[in-house]
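Residue-level listing of the chains:
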Amino acid sequence: VATTHAPHTGAAEPQDDAAHRVTQQAIRTTLPLALSVAPFGAALGVTMAEAQVPAVPGLSVTAVLYAGSAQLATLAALLGGGSVLGAVVLGVVVNARLLLYSAALGDRFRRGQPRWFRWVGPTTIIDQTVLLARGATGLGPAAFRRLWLVSGAVLGAVWVAAVALGARLIAVLPATEAFRVAAPAVLVALVMGSLADRRHRRAALVASAVCLIVAPLPGGLGTLLAIGAGVWSAGPGPEVGS
Amino acid sequence: VTPLFALGAVAAMSWLFRVTFSGFVSPEHLPSAISDRLDALAPAAFAALVTAHVVGTPSHARVTTVVAMAAAAVVARLTGGYALPVLAAIATFVGLGALR
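Structural notes, computed from the coordinates. Everything quoted here is computed from the prediction, not taken from an experiment.

### Quick look at the packing of helix α12 (residues 198-214) of chain A against helix α13 (residues 221-234) of chain A
Two packed helices can be described by the angle between their axes and the distance between those axes.
All names here are of chain A.
In step 1: Contact geometry of α12 with α13 gives a least axis separation of 7 Å together with a crossing angle of 150 degrees. Relative to α13, the element α12 is oriented roughly antiparallel. You can see that α12 and α13 cross each other, and the crossing is right-handed. Facing α12, whose interface residues are Arg-199, Arg-202, Ala-203, Val-206, Ala-207, Val-210, Cys-211 and Val-214, α13 presents Gly-222, Thr-223, Leu-225, Ala-226, Ala-229, Gly-230, Ser-233 and Ala-234.
In step 2: Partitioned by chemical class, the residues of the contact of α12 with α13 number 10 nonpolar, 4 polar and 2 charged.

### Some points on the interface of chain B and chain A
In step 1: Facing 63 residues of chain B, the contacting portion of chain A comprises 84 residues.
In step 2: Of the roughly 6300 Å² buried where chain B meets chain A, counting both sides, 78% is carbon and sulfur surface.
In step 3: Our count for the chain B to chain A interface comes out at 1 salt bridge.
In step 4: A salt bridge links Arg111(A) to Glu28(B); the nearest nitrogen and oxygen atoms lie 2.9 Å apart.
In step 5: Joining chain B to chain A, the criterion identifies 13 residue pairs in polar contact (both at pLDDT 80 or more).
In step 6: Secondary-structure elements contributing two or more residues to the side of chain B that touches chain A are α1 (2-24), α3 (41-56), α4 (59-79) and α5 (83-99) of chain B.
In step 7: Per element, the largest residue contribution to the side of chain B that touches chain A is 21 residues, and it comes from α1(B).
In step 8: Its residues placed into classes, the side of chain B that touches chain A shows 45 nonpolar, 12 polar and 6 charged.

Reading the values: the criteria
Residues numbered from 1 in each chain as written. Chains lettered and ligands numbered in written order. Predicted model: local features only at pLDDT ≥ 70, side-chain atom pairs only at ≥ 80, totals over all residues. Heavy atoms only, no water. Axes fitted to C-alpha atoms, helices over the stretch in contact; angles between N-to-C directions. Helix = DSSP H or I, 4+ residues; strand = E, 2+ residues; numbered from the N terminus. Parallel < 35°, antiparallel > 145°, perpendicular 65-115°, else oblique. Left-handed = near helix turned anticlockwise from the far one by under 90°. Contact = heavy atoms within 4.5 Å. Nonpolar A, V, L, I, M, F, W, Y, C, P; charged D, E, K, R; others polar. Buried area = accessible area lost by both parts, 1.4 Å probe. Salt bridge = Lys/Arg side-chain N within 4 Å of Asp/Glu carboxyl O. Polar contact = N/O pair within 3.5 Å; in protein donor to acceptor, adjacent residues only side chain to side chain.

Take a look at the structure:
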């Protein structure tokens, strides 16, 4: 379609078409993922209401933090009577895996990208968007930037709306405990979608096995150790071009 | 104010983690022993997070959670999507809870 119209309207038209296609692809890929994390968002909203976090600032910090598990861990620690410092440390440790994600995706935010994107783009790095980025191979810098920003905006909008809904419906939501299986269920779906490679299967298996042993370590440290063991067990990947 | 302060601090630290290798340090400076393995990070992280959730579940709900995760895995394998596995997990959790 793009090449059919190009001779009549100039060179900008195919670029617009390509950008439009990337936007559509981003929405199509992200929307089901965003809707699937909505129940977890609602559960988080319930917890925020329980912790008496004011609505507007609470939703603002939800959008900026952009990480449900760390937010839930921090709030749960405070609700359990923990100190502010302890709750912050817990949330930071839960999110320490973002450092690893940053290492894995750093090149996508640097190579061929404008300077602002290095600082703004990674704001939406999270488990789900890491997988979206992994699936976005073959895109040039501009197309990746558009895909990433649209995906992050869609995921963030649905996420914040779900948290707001949960906070509003705290009195009528049934079986909130059931909503707490939503987040790990999304992760299960992500795991199942990332096991095509034998090294990745080994990484997932070893990480799970190690986590069974070390998960009780305080502050999410066990999870970090398990991730490290899983990644290490995968061994070096194939050489580029081999 | 206290929860907001705590969440703000976590948000600031999380942002620093996120921009470390795009804003401050080039990933090329990572030792090859690490960078060669980073493609396996996502499956390892997802698997560990699921296991940590199951281990951290109160014992009375652990079996139900494991079965719900298994249902999510089967549906994810069959459909390849995200929404249906979540619905399957919630339905399984609620259904098993009602049977007890």
